[in-house]
Every structure is written in structure tokens, then in C-alpha cells.
Amino acid sequence: MQALYAQLLVGLINGSFYALLSLGLAVIFGMLNIINFAHGALYMMGAFCAYFLLNIAGIGYWPALIIAPIVVGIFGMILERTMLQWLTGLDHLYGLLLTFGIALIVQGVFQNYFGSSGLPYAIPDELRGGVNLGFMFLPIYRGWVVIFSLVVCLATWYLIEKTVLGANLRAATENPTLVRAFGINVPRMITLTYGLGVGLAALAGVLSAPINQVRPLMGADLIIVVFAVVVIGGMGSIMGSIITGFALGVIEGLTKYFYPEASNTVVFVLMVLVLLVKPTGLTGRAA
Amino acid sequence: MKHRISALFLGAALTVSAGGALAQDKNIKVGVLTDNSGLYSDLGGAGSTLAAQMAIEDSGLAAKGWKIDLISADHQNKPDIGATIARQWIDVEKVDIFMDVLNSGVALAVNNLVKEKNAIMINTGAATSDLTNAQCSPNTIHWVYDTYMLANSTGQALVKAGGDTWYFLTADYAFGHALERDTTAVVVKSGGKVIGTVKHPLNSSDFSSFLLQAQASKAKIVGMANAGGDTTNTIKQASEFGIVAGGQKLAGLLLFITDVHSLGLKVAQGLSFTETFYWDLNDGTRAFSKRFSERTKNKAQPSMVQAGVYSGLVHYFKTLDAMGGNPHDGAKVVAKMKEAPTDDALFGKGSIRADGRKIHPAYLFEVKKPSESRGPWDYYKLIGTTPADQAFRPLSESACPLVKK
């Protein structure tokens with residue numbers, strides 16, 4: 001039984017990464033209608049950004065939590081301005097192909113310069129060590145990841161669902177022409193939203209840097225699972241993707257305990273089941 | 001009578017010229033089949049192709065009229081893709097010899113094909129000891145290391161040092177299974193006990209669930225029967241979960257210098273494991289590694305897999321040179337290669353056994369503390385050597401049909 005609690009907690013930790021990443025995807029899809037396949041590459045860039053900040057500029061983990069998402073977010077906004085904005089109104093497939101291509105290029109460039117084994121990034125001194133919870137040894141850093149990502153997820157949800165800014169944003173996706181008539185600069189808002197989604201991915205990257213090696217392919221390995229999370233939660237649903245992210249982390253954690261061989265596939269089995277029963281995802285609305 | 005003599009001369013002349021034509025075929029095509037983009041690409045990948053290129057340049061065969069082509073491809077760690085490339089290489093590209101072929105799953109698939117098509121594989125990257133045991137082939141030489149040797153060296157040393165209960169974290173494919181099986185045999189034989197095992201999918205990023213299970217088992221040794229990125233992530237996360245601090249010891253059954261480089265000495269210090277090549281072993285290895293490292297992008301030192309590609313090709317070229325030409329007959333060339341002793345600056349003197357196993361000493365290393373290291377890539381302390389004739393599976397235990405008993 002003790003082991004089970006431990007696995008539940010570990011699942012929750014992994015779930016926080018899924019939640020942060022799928023949240024960014026959901027924001028981008030919900031507001032821009034773009035299936036952002038470059039998300040994994042941008043997550044990886046966040047981790048690399050933290051690595052560069054530390055090793056080149058001597059800037060540590062805490063400032064990196066703010067700086068890396070901004071830097072990568074700006075990179076994302078440049079992508080949106082120069083490439084993605086031309087795809088408005090076209091079929092989803094174009095956005096998917098373009099972002100997938102961008103992901104391959106970014107990963108290829110990083111792999112060319114940094115190889116595949118990855119670079120070390122240490123846990124900040126303040127968060128070293130762990131506490132014994134009785135049923136498991138919880139590294140403090142992992143506890144921090146769960147709490148921090150939960151706060152970020154809920155703040156993002158609040159921003160989009162409960163504030164005037166969020167209301168404008170949602171209105172702009174429904175009817176851009178009308179919103180523009182109110183004097184709101186819709187294209188700029190779209191760019192900033194893409195920047196926000198990308199920033200969330202980069203933030204997840206910084207959070208994961210001390211746990212995983214900083215590797216060019218770290219995002220590619222994760223992104224497929226995250227897409228499954230988004231599909232299960234319902235494309236574009238903010239709260240849906242947060243809840244599904246955490247829930248799937250837990251389910252995956254339990255699989256690792258009961259039948260580890262299937263831990264890489266359980267998410268996809270669930271995806272198939274959900275799609276069979278409810279094609280719009282658990283919380284999605286019919287198109 | 002006169003007619004008969006001239007006919008004889010004519011016949012003899014034809015035979016000589018036909019034989020001469022065969023012997024004069026001085027074309028060789030080398031194919032490096034490896035992981036160019038995935039988790040093993042640092043320990044094989046482009047570095048293996050570079051090592052092959054260096055072997056070709058150093059062989060001096062070009063000056064003797066030989067023409068050697070080199071091609072390389074990415075098998076993406078997928079046996080089906082590896083087999084498809086191999087088939088095309090043999091049928092269309094006329095590749096004579098496959099080098100590297102890391103990943104045991106891919107290696108076993110290519111092994112069958114190479115035998116069927118009578119080509120050659122010098123495997124320097126895959127670990128499974130099956131390549132020279134039940135699956136041995138007259139066309140395959142296993143050059144650098146294998147799971148039996150790793151288990152024998154690292155496993156035995158750890159049990160002797162008091163690590164008599166084991167829990168395995170095993171990569172769920174041919175390599176992990178073989179490494180776990182061979183290590184279990186050594187542990188049990190040395191008086192230890194395996195109390196549990198968990199199989200994780202290849203290329204996992206999170207090992208916390210598996211590590212918790214290993215921690216709960218209370219085994220003295222947590223044996224990592226995985227490789228590359230899987231091992232580095234396991235080690236990193238094990239330190240996070242306080243595995244070593246809690247009194248358990250991590251056993252890296254297969255670690256490469258590129259893994260240690262990636263982890264950094266702070267995390268990797270104190271790990272002990274077995275390799276058959278290290279750049280800083282002697283003058284010969286240092287000279288080669290210096291030339292190698294100058295030609296890589298990150299000034300990386302060669303891994304034992306990459307060093308094996310060089311060493312294997314050196315012996316192959318020597319053999320063909322002595323034969324005077326390339327018969328394009330894999331089994332025949334491999335038989336010749338087994339007859340001659342091997343000797344190069346990287347692995348020293350050695351030989352190739354009937355089962356295709358290349359033998360040389362195995363070195364037990366320990367990773368230095370950051371304070372002991374003189375700079376980048378100065379990572380290992382040599383703590384033990386197993387002589388060549390004891391390092392690998394004895395022929396008396398072999399299930400290989402090529403071994404006469």
C-alpha cells in the first residue's frame with residue numbers, strides 16, 4: 001500500500017509536466033487554431049536556455065525561471081509573425097506541417113552542436129535534499145515542481161477564463177472582425193498569446209532541466225504523449241488539459257508499478273478508448 | 001603431342017589469368033550502420049564513421065591500388081529499418097562489411113541477413129553475448145565487449161565487495177534482457193541473490209517510479225541493465241531520490257565515456273564499471289584519441305565502440321591485403337581473419353575465436369572525484385584488469401555450433 005502512495009505521488013509529479021505542456025498547447029490551439037508541433041522543441045529550448053544562462057552568463061535557476069520563458073517566448077512570437085500568421089484560415093494540416101518542420105530543424109541544429117547524450121544541470125542548492133514522508137523519500141525539488149506548476153496552470157486558467165483580457169482574447173477567436181471594431185489590435189493579441197503558450201513550454205523546460213539531462217531530443221520524446229493528453233482532455237479546453245495532464249501522469253505512474261512494460265503505451269490506449277466513446281475529448285465541445 | 005602441350009599451356013594461362021583477375025579485385029565497400037540521431041548517437045554515430053575513415057586513411061591500401069568506399073546510415077534503433085538498410089546495402093550497394101551496428105535488437109536482425117547473404121559484420125556496438133553464442137555466425141565477429149564480459153567483470157567485483165543482493169532496472173529489449181540474464185548468472189554463481197527486477201521501455205525519460213521500486217526492495221545493489229541516455233537519467237534521478245545516500249549502490253553494467261561526460265563528475269563520481277578501451281590507457285590509445293578528438297566537433301574522446309570500429313577495420317584491411325585481393329566472400333575472409341592474431345595500438349594484442357568472439361583484456365574503472373580530474377575527459381581510474389583469456393565466456397560453455405568440442 002505504501003508503494004502505491006509513492007507511485008501516486010510520482011505520477012502527480014510527471015503529471016505536472018504534462019499539464020504545463022498540454023496547457024500551452026491548449027491555449028495555442030484554442031486561441032490560434034494552430035496544432036503546435038514545435039511545442040516539444042520549444043520546451044527543449046527552454047531547458048537549453050537555462051543551461052546557457054548558467055554556464056555562459058553565470059545566471060542561476062531562479063532568474064532562469066523568468067528569463068528563459070521570455071527569451072523563448074520572443075522566439076515564438078517571431079515565428080508567429082514571420083510564418084504562422086500567414087496560415088490563418090487555412091486547414092489545420094498546414095499549421096501542423098509547418099510547426100513539425102520547425103521542430104525538426106530546431107532539434108537538428110541543437111543535436112548537431114550538442115550531441116545526443118545531453119548536458120548536466122544541477123538542482124539549485126535551496127531545493128536539494130528531500131523529506132521522508134513515511135511511505136517514500138520525496139526530493140524537495142519534485143515537490144516544488146508539483147506546487148509551482150499547479151499555481152502556474154491555475155493562474156493561466158484564471159487569466160483566460162476570468163479576466164477582461166481573457167474575455168477579449170476569447171472574443172477575438174470567435175469573431176475577430178467585430179473585436180477589431182472595438183479598437184482592439186487582434187493580430188498583436190494573437191502574437192502575444194502564442195508567446196504565452198510558448199513561454200509555458202519553455203517554463204516546463206527549465207523545470208525539467210535539473211531532473212532530466214538537457215538533451216536536444218527531450219521534447220521529441222515527450223510531445224507525442226502530451227498530444228495524447230490534449231486529445232483526451234479535449235482540444236482547446238484549458239481546464240480539461242490541466243486535469244487530464246495530472247490524471248494521466250498518475251495513471252502512467254500506476255502502470256509503471258503494476259505493468260511497467262506498458263507504461264509507454266497506456267496513454268495511447270486511453271486515448272483510443274476516449275476517442276471511441278467521446279470523439280471531442282473528455283471536456284471538449286462539439287465543433 | 002605438340003597440340004596437347006600448347007593446349008596445356010593455353011589452359012594454364014587461362015587458369016592463371018582467371019585467378020589473377022579474381023585476386024586483382026581491389027575494391028572494398030565499408031558500411032557503418034549506426035544510430036545517427038537517437039540516444040546512442042554520441043557513443044557510435046558520426047564518431048564511428050570518423051573512426052572508419054581514419055582506419056581507411058591509416059591502412060595505406062590506397063597507395064597499393066585498393067579502392068575503398070565508405071557509406072553510413074541511421075538505423076534509428078529499429079530492427080526493421082536496420083534490416084531494410086542492410087538488405088539494400090548488400091543487394092544494391094554491394095557493401096562487403098558492416099561496422100558498428102550498435103543496438104542488440106538491430107544487430108541480431110542484421111546478423112541473420114549478413115549470414116544469409118555471405119557478407120561480414122564486425123559488431124562493435126551491440127552488447128548481447130548471443131552474437132557469439134546461440135546466434136553465432138561464420139560471418140560475424142563481435143569485437144569490443146558483450147554482456148557476458150560486463151557481467152563477469154563488474155558483477156563479480158561487486159558481489160566480492162559485499163553486494164550480494166541485487167535489484168535490476170532493465171531496458172525492455174534484447175540488450176537489457178541479455179545483460180540481466182548474464183549478470184544474474186554471475187551474481188548467483190558468486191553467491192549473491194537477485195531479489196527483483198523491473199523492465200522499463202527503451203528511451204524513457206522518467207525513472208522515478210522504477211527507482212522507488214528498487215529502493216523499496218532494499219537490495220544492496222541496484223543494477224542498471226540499460227545504456228546511453230537511459231543510464232544517465234537513471235543515475236541522475238537516483239541521486240535525487242537518495243538511493244546512494246540511503247546505502248544502496250548503483251551498478252552501471254554498461255557505461256560509456258560519453259555518458260560520464262554528459263553526467264559530469266559531480267554526479268558520476270565513484271561509479272565503477274567495465275570497458276575494454278579508454279583513451280588514456282597508454283601511448284597508443286592516447287595518440288589515436290588525440291587525432292580522433294581533433295577531428296570531432298566537440299573535441300570528444302572516442303568511445304570504446306568507435307575505437308572498435310577502427311581496430312576491427314585495421315585487422316580486416318590487413319587480412320585482405322595479405323590475401324592479395326577481395327574475394328567478396330564473407331565467410332572466407334572471416335575465416336582468414338580468425339587465423340591471424342590481432343594487433344593494434346588501441347586494444348593491444350588479441351585474437352578472434354572460432355565463435356567469432358574477439359578477445360582482449362577488460363578493464364574495471366572507477367570514475368574519479370572532481371578533485372582528482374586534471375581536466376575535461378580525464379575521468380577514469382583503473383582499478384582492475386581481467387586478462388583476455390578470462391574476460392569472455394569460455395568456449396567450454398559455448399552453445400555456438402561453430403565451436404568444435
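Bear in mind the structure is a predicted one, so any value in this text is a computation, not a measurement. (Residues numbered from 1 in each chain as written. Chains lettered and ligands numbered in written order. Predicted model: local features only at pLDDT ≥ 70, side-chain atom pairs only at ≥ 80, totals over all residues.)

Draft legend 1. Region of the structure containing the overall build of chain A. Broken down by element type, chain A carries eleven helices and two strands. In sequence order, the secondary structure elements of chain A are arranged as α-α-α-α-β-β-α-α-α-α-α-α-α. Here chain A has a C-alpha radius of gyration of 19 Å; the compact-globule value for 287 residues is 19 Å, and the two agree. Residues classed as buried in chain A amount to 53% of the 287 residues present. Once local pairs closer than 6 in sequence are excluded, the contacts in chain A between residues at least 24 apart make up 77%. (Helix = DSSP H or I, 4+ residues; strand = E, 2+ residues; numbered from the N terminus. Rg over C-alpha atoms; globule rule 2.2 N^0.38 Å. Buried ≥ 20, exposed ≤ 12 C-beta atoms within 10 Å, placed from the backbone. Contact = placed C-beta atoms within 7 Å.)

Draft legend 2. Up close: the sheet that holds strand E2 (residues 67–74) of chain B. Residues and elements named next belong to chain B. Within the open sheet, the five strands sit side by side as E2-E1-E3-E4-E5. Their pairing is parallel. One side of each edge strand has no neighbouring strand; the edge strands of this open sheet are E2 and strand E5 (140–142). Between one strand and the next, the sheet's axes are offset by a mean angle of 20°, whatever the strand orientation. When strand E3 (residues 97–100) meets strand E4 (residues 120–123), the two strands line up parallel, connected through four bridges. Following the sheet pairing, Met99 is matched in E4 by Ile122. Contacting strand E1 (27–34), E2 and E3, helix H2 (residues 45–59) runs over the sheet at an angle of about 160° to E1. With respect to the sheet, helix H4 (residues 104–116) is in contact with E1, E3, E4 and E5, its orientation differing from that of E4 by roughly 155°. (Pairing = 2+ DSSP bridges. Axes fitted to C-alpha atoms, helices over the stretch in contact; angles between N-to-C directions.)

Draft legend 3. Quick look at the pairing of strand E6 (residues 165–171) of chain B. All names here are of chain B. Counting buried positions over the seven residues of E6 gives six, a clear majority of the element. Where E6 meets strand E7 (residues 193–200), seven bridges bridge the pair, whose relative direction is parallel. Considered in E7, the bridge of Thr165 is made with Lys193. In the classification by handedness, the crossover that spans E6, the intervening helix H6 (residues 174–189) and the parallel E7 is right-handed. In terms of strand pairing, E6 meets strand E8 (residues 221–225) through five bridges, oriented parallel. Within E8, the position partnered with Phe168 by the bridge is Gly223. (Right-handed = clockwise from strand over helix to strand, strands pointing away.)

Draft legend 4. Geometry of the sheet that holds E6(B). All names here are of chain B. With respect to topology, four strands assemble into an open sheet ordered E7-E6-E8-E9, the strand pairing being parallel. Across the chains shown, the open sheet's two edge strands, defined by having one partner strand only, are E7 and strand E9 (249–252). On average, each strand axis in the sheet is tilted by 20° relative to the strand beside it, whichever way the strands run. When E8 meets E9, the two strands line up parallel, connected through four bridges. Bridge pairing links Met224 to Gly252 in E9. Across the face of the sheet, H6 comes into contact with E6, E7 and E8 while running at roughly 165° to E6. Packed onto the sheet, helix H7 (residues 208–217) meets E6, E7 and E8 and runs at close to 170° relative to E7.

Draft legend 5. Summary view of the environment of A:Ala50. Residue and element names in this part refer to chain A. Following the sequence through the fold, Ala50 ends up in helix H2 (residues 39–56). C-beta crowding within 10 Å serves as the criterion here: with 29 such atoms nearby, Ala50 is assigned to the buried category. C-alpha of Ala50 to C-alpha of Ile67: the two residues are 17 residues apart in sequence and 8.3 Å apart in space. When residues no more than four places from it in sequence are discounted, the contact partners of Ala50 are Ala64, Ala68, Tyr121, Val206 and Ala209.

Draft legend 6. Local environment of the packing of helix H9 (residues 218–233) of chain A against helix H11 (residues 266–277) of chain A. Residues and elements named next belong to chain A. Direction vectors running N to C along H9 and H11 enclose 25°, while the axes themselves pass 9 Å from each other. Between H9 and H11, the angle falls in the class roughly parallel. You can see that H9 and H11 cross each other, and the crossing is left-handed. From H9, Val225, Ala228, Val231 and Ile232 reach across to H11, where they touch Val267, Phe268, Leu270, Met271 and Val274. For the contact of H9 with H11, the class distribution of residues is nine nonpolar, no polar and no charged. (Parallel < 35°, antiparallel > 145°, perpendicular 65-115°, else oblique. Left-handed = near helix turned anticlockwise from the far one by under 90°. Nonpolar A, V, L, I, M, F, W, Y, C, P; charged D, E, K, R; others polar.)

Draft legend 7. Focus on the nonpolar core. In terms of nonpolar packing, the biggest core is built from 210 residues, with A:Ala202 and B:Phe98 touching the most fellow members. Considering every element that reaches this core, the biggest residue donor is helix H1 (residues 2–32) of chain A, with 18 residues. Of the domains in this structure, domain 1 (28–145 + 281–360) and domain 2 (148–275 + 362–391) of chain B are the two that each give at least three residues to this core. With sequence-adjacent residues up to four places away left out, B:Phe98 is seen in contact with B:Gly31, B:Leu33, B:Ala86, B:Val110, B:Val114, B:Ala119, B:Ile120 and B:Met121. (Core = buried A, V, L, I, M, F, W, Y, C linked by C-beta atoms within 7 Å. Domains from an automatic or database assignment.)

Draft legend 8. The arrangement of the domain arrangement of chain B in detail. Residues and elements named next belong to chain B. For chain B, the assigned domains read domain 1 (28–145 + 281–360) and domain 2 (148–275 + 362–391). The centre of domain 1, based on its C-alpha atoms, is set 26 Å off from the matching centre of domain 2. When residues in the side of domain 1 that touches domain 2 are grouped by element, the largest group, three residues, is from H4. For the side of domain 1 that touches domain 2, the residue count by class is ten nonpolar, eight polar and two charged.

Draft legend 9. How the structure looks around the environment of B:Tyr40. Relative to the elements of secondary structure, B:Tyr40 occurs in the loop between E1 and H2. Discounting residues that sit within four places of it in the chain, B:Tyr40 has contacts with B:Asp35, B:Asn77, B:Leu102, B:Asn103 and B:Gly228.

Draft legend 10. Highlighting the interface of chain A and chain B. Between chain A and chain B, the residue contacts involve 32 residues of the former and 34 residues of the latter. Among the secondary structure elements, those contributing two or more residues to the side of chain A that touches chain B are H1, strand E2 (137–139), H9 and helix H10 (238–258) of chain A. If you tally residues by element for the side of chain A that touches chain B, the top one is H1(A), at six residues. Looking at the side of chain A that touches chain B residue by residue, the class counts come to 15 nonpolar, 13 polar and four charged.

Draft legend 11. View of helix H5 (residues 147–160) of chain B. Residues and elements named next belong to chain B. A rise of 1.5 Å per residue sets the reference length of H5, with its 14 residues, at 20 Å; its end C-alpha atoms lie 19 Å apart and thus fit the reference within 8%. Here H5 lies mainly inside the structure; twelve of its 14 residues are buried. Here H5 has its buried residues at Thr147, Tyr148, Met149, Leu150, Ala151, Asn152, Ser153, Thr154, Gly155, Ala157, Leu158 and Val159. (Expected span 1.5 Å × (residues − 1).)

Draft legend 12. Summary view of unusual backbone geometry. All names here are of chain B. For Asn77, which is not glycine, the phi torsion reads 60° and is therefore positive. Relative to the helices and strands, Asn77 resides in the loop between E2 and helix H3 (79–91). Unlike most non-glycine residues, Asn203 shows phi in positive territory, near 65°. By the secondary structure assignment, Asn203 is in the loop between E7 and H7. The partly exposed category is assigned to Asn203, around which 18 C-beta atoms lie within 10 Å.

Draft legend 13. View of the confidence of the model for chain B. Residue and element names in this part refer to chain B. Scored by pLDDT, chain B has a mean of 91; 94% of the residues are at 70 or more. For chain B, the element scoring lowest by mean pLDDT is helix H1 (residues 2–23), at 49; E4 scores highest, at 98. Below a pLDDT of 50 lies the segment residues 10–22, which in the model reaches two contacts outside its immediate sequence neighbourhood of four places, other chains included. Interface confidence for the predicted complex, expressed as ipTM, amounts to 0.84; the pTM equals 0.85. (pLDDT = per-residue confidence, 0-100.)

Draft legend 14. Representation of the environment of B:Asn123. All names here are of chain B. Looking at where Asn123 falls in the secondary structure, it is placed in strand E4. Taking the number of C-beta atoms within 10 Å as the measure of exposure, Asn123 has 33 and is therefore buried. Along the primary structure Asn123 and His142 are separated by 19 residues, whereas in three dimensions their C-alpha atoms are 4.8 Å apart.

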